[in-house]
Amino acid sequence: MEFDCEELRRLLSKYKFRDLTVEELKNVNMFFPHFRYSMDTYVFKDSSQKDLLNFTGTIPVMYQGNTYNIPIRFWILDSHPFAPPICFLKPTANMGISVGKHVDAQGRIYLPYLKNWNHPKSVIVGLIKEMITKFQEELPLYSVSSSDEARQVDLLAYIAKITEGVSDINSKNWTKEKTVNKITVVGGGELGIACTLAITAKGLADRLVLLDLSEGTKGGSMDLDIFSLPHVEISKDLSASAHSKVVIFTVNSLGSSESYLNVLQSNVDMFRALVPALGHYSQNGVLLVASQPVEIMTYATWKLSGFPANQVIGTGCNLDSQRLQYIITNVLKAQSSSKDVWVIGEQGEDKVPTWGGQEEGMSHSSQAQLSNRAMELLRVKGQRSWSVGLSVADLVDSIVNNKKKVHSVSVLAKGYCDIHSEVFLSLPCILGATGVSEVIRNTMKEDTVAEKLQSSASTIHGLQQQLKL
C-alpha cells in the first residue's frame, strides 16, 4: 500500500497539528515503508476512549547474530508531535512478552526517548532507532510452543486486549520466567552506592539495577557510570527494577524542616511515589528497607506496597547483632556460643541484647554481664554507609540464596511480647527466599527486655498515628 498523504490528512481531520503529523509520518515511511496506518479506538487507563491513528509495522532487531522482526504498534495522539506516541509490542499468536527494563507485562514500551520527548528534536524515526538499540540488548519477545494450544488461546485473548489499548489486565501467564538473581537498589546516595559495591563484591547479583533518582550529578552514581562495574546498570526508570528478587530502599528525604514529624512525613511522601510502582514490578520480591528511621519507614513500605508482612523487612539491628557476636567471641574471648545472642528492638539508644536460651555452664546473670560488657564496646561503634552496606549484602545473601539464616531485622512485631499495635521492631528471624519464614521466640523470661520493646512500640505507634500514608 502506497503512502497516501491526502487519505492520511482526511483521517487526521480532528488532529490539532495535522500537517506536521502527516509530514513526520511521511518521513517514517521513507525509512520503514512497511508500516501501515488506520484510525482505531484507544482505551485509556481511566476507561475513557478516543479515536487515534494506529500506526503498525515491524522493526528489524539483531540479537545474538540473528535478525528478528519485532511487531510494534504506535498510537499517535491528537496533540502530536508535541506529545510522544503511546507504544506497544504487537505479538503474534506464537510470541510471548518478556517483561524487562523497557517493556511491561502489557507490552507497553518505555524508553528514555519517550520520557524526554521534545518537539522538534524528537521524532518517530529517532524513537524507532532507539527502540532497535535497546531491544538488541534485551529482546522483548520470546517464542511460545505452537503445541501448547491452551496457552495460545489465552495469548490471543491477551493480544486482543492489547489491541484495544487496555493496559491494566492481568498478564502473569505471559511474563517470561526469570531465574537470575536480580537486585534493585533505590537511591544513588552514599548508602545506595555502598550497598551496590558490597553486593557486587560478594557476587550476589547476576544483574543489579541502581535507581538513582537524584537530579544531575547530585547522586554518587556518576562515578559508577564512569568506572562501570560488571552486571550493574544505572537507571532512573522504575520499570528497570522488574522481576527483582530484592528491592533495597536507601533513599531519605533531606527536608529542611526542624520538626522531626515533618521530616518523617517528607520521607513517607517520597515513599508514596516509589513503593507502589516498585512493588508492582517485583510482586514476588522482598522489600528491604535501609532508610531511616528504619522501623517507621518499613511500616510505611508495608502499608504502601500491600505486600504480606513476611516480604517487607528493615535492616534493623542486623549490623549491631553481627558486631555483638563478634565482640563476644573475638574481643572478650568468651567460651560460650555467641550465635544465640542478638540485639533487638528499636534501632538506636533503646536497643537491647537478648539470648536465645541459657548456655550450658553459664548462668543467666553471667550471660547478662557478658552481653552488657559487649554492648559497652558496641556503643562506641558508629554506623557508616560502608558498614551498613555490608550488612545489607549479608541480608541479601540469605534471601537470594535461601540460606534460612537467623538475622535480627525489623519485622511486624504485633503479637510479640504482648505488643498489640502494628509496629516494626528488630527481632531474630529466619530469612530465606520469601523473606521471613519464622520469628524466633525467646525461651527466656526477660521482663526488662519486654518492657523496652513495649515502650519502643508505644512511641513508634504514636508517631505513625500522626503520619499521612
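Procedures and definitions
- The residue numbering used here restarts from 1 in each chain and proceeds along that chain's sequence as written.
- Selection of residues for local features in this predicted model requires a pLDDT of at least 70, selection of side-chain atom pairs for listing and counting requires 80 or more, and totals for whole chains, interfaces and linings are taken over all residues.
- Calculated side-chain values reflect all of the structure's heavy atoms, with hydrogen atoms and water omitted.
- Here, any two strands with at least 2 DSSP bridges between them count as paired.
- By the criteria applied, helices consist of DSSP H or I runs no shorter than four residues and strands consist of E runs no shorter than two, each listed in order from the N terminus.
- Structural elements are reduced to axes, namely lines fitted to C-alpha atoms, with helices fitted over the stretch in contact, and the angle between N-to-C directions of any two is expressed from 0 to 180 degrees.
- Each angle receives one of four descriptions, namely roughly parallel if under 35 degrees, roughly antiparallel if over 145, roughly perpendicular if within 65 to 115, and oblique otherwise.
- Here, residues are in contact when the closest pair of their heavy atoms is within 4.5 Å.
- Throughout this entry, Asp, Glu, Lys and Arg are counted as charged residues, while Ala, Val, Leu, Ile, Met, Phe, Trp, Tyr, Cys and Pro are counted as nonpolar. The remaining residues, Gly among them, count as polar.
- Each patch is built from residues that are more than 30% exposed by relative accessible area and take part in no salt bridge. Like charges join if they lie within 9 Å; nonpolar side chains (Val, Leu, Ile, Met, Phe, Trp, Tyr) join within 5 Å.
- Note on areas: Shrake-Rupley with a 1.4 Å probe; residue coverage comes only from the protein chains shown.
- Note on definitions: salt bridges are taken to be side-chain nitrogens of Lys or Arg within 4 Å of carboxyl oxygens of Asp or Glu.
- Crossing handedness is defined as follows: a turn of the near helix away from the far one that is anticlockwise and smaller than a right angle gives a left-handed crossing, while the clockwise case is right-handed.
- Burial status follows relative accessibility: with a 1.4 Å probe on protein chains alone, a residue under 20% of its type maximum counts as buried, one over 50% as exposed, and anything between as partly exposed.
- Pairing of N or O atoms within 3.5 Å defines a polar contact, subject to two protein rules: one partner must be a possible hydrogen donor and the other a possible acceptor, and residues neighboring in sequence count only if both atoms are side-chain atoms.
- Pairing of aromatic rings covers Phe, Tyr and the six-membered ring of Trp, with a centre-to-centre limit of 6.5 Å; geometry is then stacked below 30 degrees between planes, edge-to-face above 60, and tilted otherwise.
- For a ring to carry a charge above it, either NZ of a lysine or CZ of an arginine must fall within 6 Å of the ring centroid while also lying within 35 degrees of the normal to the ring plane.
- What we call a nonpolar core is a set of buried Ala, Val, Leu, Ile, Met, Phe, Trp, Tyr and Cys residues that are connected through their side-chain atoms within 4.5 Å.
- Expected span, for any helix, means 1.5 Å times one less than how many residues it has.

A. Spatial organisation of the sheet that holds strand β1 (residues 36-43). Taking strand neighbours across the sheet as the criterion, the four strands line up as β1-β2-β3-β4 in an open arrangement whose pairing is antiparallel. Taken across any chain shown, the strands that pair with only one partner, and hence form the sheet edges, are β1 and β4 (86-89). The average undirected angle you get between the axes of adjacent strands in this sheet is 35°. Note that strand β2 (residues 49-63) and strand β3 (residues 66-76) share eleven bridges and pair antiparallel. Counterpart to Gly 57 in the pairing with β3 is Ile 72.

B. Layout of the packing of helix α2 (residues 18-31) against helix α4 (residues 124-137). It is at 9 Å that the axes of α2 and α4 come closest, and there the two elements cross at 45°. Considering the angle they form, α2 stands oblique to α4. Here Glu 24, Leu 25, Asn 27, Val 28 and Phe 31 of α2 come into contact with α4, specifically with Ile 124, Val 125 and Ile 128. Classifying every residue of the contact of α2 with α4 by side-chain character gives six nonpolar, one polar and one charged.

C. Here's a closer look at unusual backbone geometry. A cis amide bond links His 119 to the next residue, Pro 120, at an omega of 5°. Note on placement: Pro 120 falls in the loop between α3 (112-115) and α4. Each neighbour pair has its own omega, and for Gln 292 with Pro 293 the value is -10°, a cis peptide bond. Phi at Lys 404 takes a positive value of approximately 55°, unusual for a residue other than glycine. Looking at where Lys 404 falls in the secondary structure, it is placed in the loop between α12 (385-400) and β15 (405-412).

D. Representation of a nonpolar patch on the surface. The grouping of Phe 17, Leu 20 and Phe 82 at the surface amounts to a nonpolar patch, some 270 Å² of accessible area in total. Its location among the elements puts Phe 82 in the loop between β3 and β4.

E. Representation of the packing of helix α8 (residues 260-281) against helix α9 (residues 294-305) in the model. Where α8 meets α9, the axes come as close as 9 Å, and the angle between the chain directions of the two elements is 35°. Crossing of α8 against α9: the hand is right-handed. Contacts from Leu 264, Asn 267, Val 268, Phe 271, Arg 272, Val 275 and Pro 276 of α8 reach α9 at Ile 296, Met 297, Ala 300, Thr 301, Leu 304 and Ser 305. In the contact of α8 with α9, the residues fall into nine nonpolar, three polar and one charged.

F. View of the pattern of salt bridges. Across all of its chains, the model carries 13 salt bridges by this definition. A salt bridge links Arg 9 to Glu 6; its shortest N-O distance comes to 3.2 Å. Here Arg 9 pairs with Glu 6, and both are found in helix α1 (residues 5-11), just three residues apart, close to one helical turn. Several salt bridges share partner residues, and in doing so they unite Glu 6, Arg 9, Arg 18 and Asp 19 into one network.

G. Quick look at the side chain of His 407. Mapped onto the elements of the fold, His 407 is located in strand β15. Taking the relative accessible area as the measure of exposure, His 407 reaches 1% and is therefore buried. A distance of 2.9 Å separates a polar atom in the side chain of His 407 from a polar atom in the side chain of Asn 318. Once you skip the residues sitting within four places of it in the chain, His 407 turns out to touch Asn 318, Gln 322, Asp 394, Leu 395, Ser 398, Leu 427, Pro 428, Cys 429 and Leu 431.

H. Just the packing of aromatic side chains, in detail. Applying the stated criterion across every chain yields a total of eleven aromatic pairs. Between Phe 32 and Phe 35 the ring centres are 6.2 Å apart and the planes differ by 75°, which places this aromatic pair in the edge-to-face class. On the basis of relative accessibility, which here comes to 9%, the residue Phe 32 falls in the buried class. On the basis of an interplanar angle of 75° and a centroid distance of 6.0 Å, the ring pair of Tyr 113 and Trp 117 is categorised as edge-to-face. For the residue pair Tyr 113 and Trp 117, the accessibility class agrees, reading buried in each case. Joined through ring pairs, the aromatic side chains of Phe 32, Phe 35, Phe 55 and Phe 74 make up one cluster. The side chain of Lys 129 reaches across the aromatic face of Phe 31, ending 5.3 Å from its centre.

I. Structural context of the nonpolar core. Counting 72 residues, the largest nonpolar core has Ile 183, Ile 199, Ile 248, Phe 249 and Val 396 as the members making the most contacts within it. Broken down by element, the residue count for this core peaks at seven residues, all from α12. Aside from chain neighbours lying at most four places away, what touches Val 396 is Ile 183, Ile 199, Leu 204, Val 246, Ile 248, Leu 288 and Asn 401. Leu 52, Val 61, Ile 76 and Leu 127 belong to the second largest nonpolar core, which has 45 residues in total.

J. A look at the environment of Met 270. For Met 270, the location among the structural elements is in helix α8. The spacing of Met 270 and Ser 253 is 17 residues in sequence and 7.2 Å in space, taken between C-alpha atoms.

K. The arrangement of α12 in detail. Between its first and last C-alpha, α12 extends 22 Å over 16 residues, near the 22 Å set by a 1.5 Å rise per residue. Of all 16 residues making up α12, 13 are buried, and the element is well covered by its neighbours.

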